Amino acid sequence: AFLEKAEDLGKRLIYAFISPSGIPYYLVNLRTGNATNPNWSRKSTRIATAGSLQLEFRQLSKVTGNETYAKRSEQAMDAIISLMPEDG
């Protein structure tokens, strides 16, 4: 039962990863799939939040056998890494 609930939640949260930057949105309406960043964050996502999602989605892929979750999270991590300056 828990695995089914986890996968259902993953299917709803996957919309967070559909962003122009590749970095997941901070908020997802679980009913509609509408994803956005809050105004108080100046419409940005916290890097720690994006990193945490990556760990959680990789584990979800592992326990469900559905690689979609891991692939989306890897794309997000690639987007985060691309923001780092080459010299530092």
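Source: prediction; values computed, not measured.

A. Inspection of the overall build of the protein chain at higher detail. Secondary structure summary: the protein chain contains three helices and two strands in total. When the elements of the protein chain are put in sequence order from the N terminus, they spell out α-β-β-α-α. Taken over C-alpha atoms, the radius of gyration comes to 13 Å for the protein chain, in line with the 12 Å a tight globule of 88 residues would show. Projecting the C-alpha coordinates of the protein chain onto the three principal axes gives extents of approximately 45 × 30 × 20 Å. Here the protein chain, with 88 residues, has 31% of them falling under the buried criterion. Of the contacts formed within the protein chain by residues at least 6 apart in sequence, a portion of 39% connects residues at least 24 apart. Charged side chains in the protein chain number 11 positive and 9 negative. The centres of these two groups are separated by 9 Å.

B. Representation of the pattern of salt bridges in the model. This structure, assessed with the given rule, holds two salt bridges. Note that Arg-12 is salt-bridged to Asp-8, the shortest N-O span being 3.0 Å. With Arg-12 and Asp-8 both in helix α1 (residues 2-13), this residue pair falls four residues apart, about one helical turn. A relative accessible area of 33% places Arg-12 in the partly exposed class. Relative accessible area serves as the criterion here: at 35%, Asp-8 is assigned to the partly exposed category. A salt bridge links Glu-74 to Arg-58; its shortest N-O distance comes to 3.6 Å. Here Glu-74, found in helix α3 (residues 68-82), pairs with Arg-58, found in helix α2 (residues 47-64); they are 16 residues apart in sequence, far enough to count as distant.

C. Spatial organisation of the nonpolar core. Ile-14, Phe-17, Leu-53, Phe-57, Leu-60, Tyr-69 and Ala-76 together form the largest nonpolar core, which totals seven residues. It is α2 that contributes the most residues to this core, three residues altogether. The residues touching Ala-76, leaving out its near neighbours within four places in the chain, are Phe-17, Gly-22 and Pro-24.

D. View of the packing of aromatic side chains. Overall, the coordinates contain three aromatic pairs when judged by the stated rule. Between Tyr-26 and Trp-40, the ring centres sit 5.5 Å apart and the planes meet at 90 degrees, which makes this aromatic pair edge-to-face. With Tyr-26 in the loop between α1 and β1 (27-28) and Trp-40 in the loop between β2 (35-36) and α2, this pair connects stretches of sequence that are 14 residues apart. Residue classification places Tyr-26 among the partly exposed residues on the basis of a relative accessible area of 32%.

E. Geometry of α3. Here α3 contains 15 residues, and its C-alpha end-to-end distance of 21 Å stays within 8% of the 21 Å for a straight helix at 1.5 Å per residue. Tucked inside the fold, the buried residues of α3 contact α1 and α2.

What counts, and where the lines are drawn
- Residues numbered from 1 in each chain as written.
- Predicted model: local features only at pLDDT ≥ 70, side-chain atom pairs only at ≥ 80, totals over all residues.
- Heavy atoms only, no water.
- Helix = DSSP H or I, 4+ residues; strand = E, 2+ residues; numbered from the N terminus.
- Rg over C-alpha atoms; globule rule 2.2 N^0.38 Å.
- Buried < 20%, exposed > 50% of the residue type's maximum accessible area, 1.4 Å probe, protein only.
- Contact = heavy atoms within 4.5 Å.
- Lys, Arg positive; Asp, Glu negative; His and termini not counted.
- Charge placed at Lys NZ, Arg CZ, Asp CG, Glu CD.
- Salt bridge = Lys/Arg side-chain N within 4 Å of Asp/Glu carboxyl O.
- Core = buried A, V, L, I, M, F, W, Y, C linked by side-chain atoms within 4.5 Å.
- Phe/Tyr/Trp six-rings, centres within 6.5 Å; stacked < 30°, edge-to-face > 60°.
- Expected span 1.5 Å × (residues − 1).

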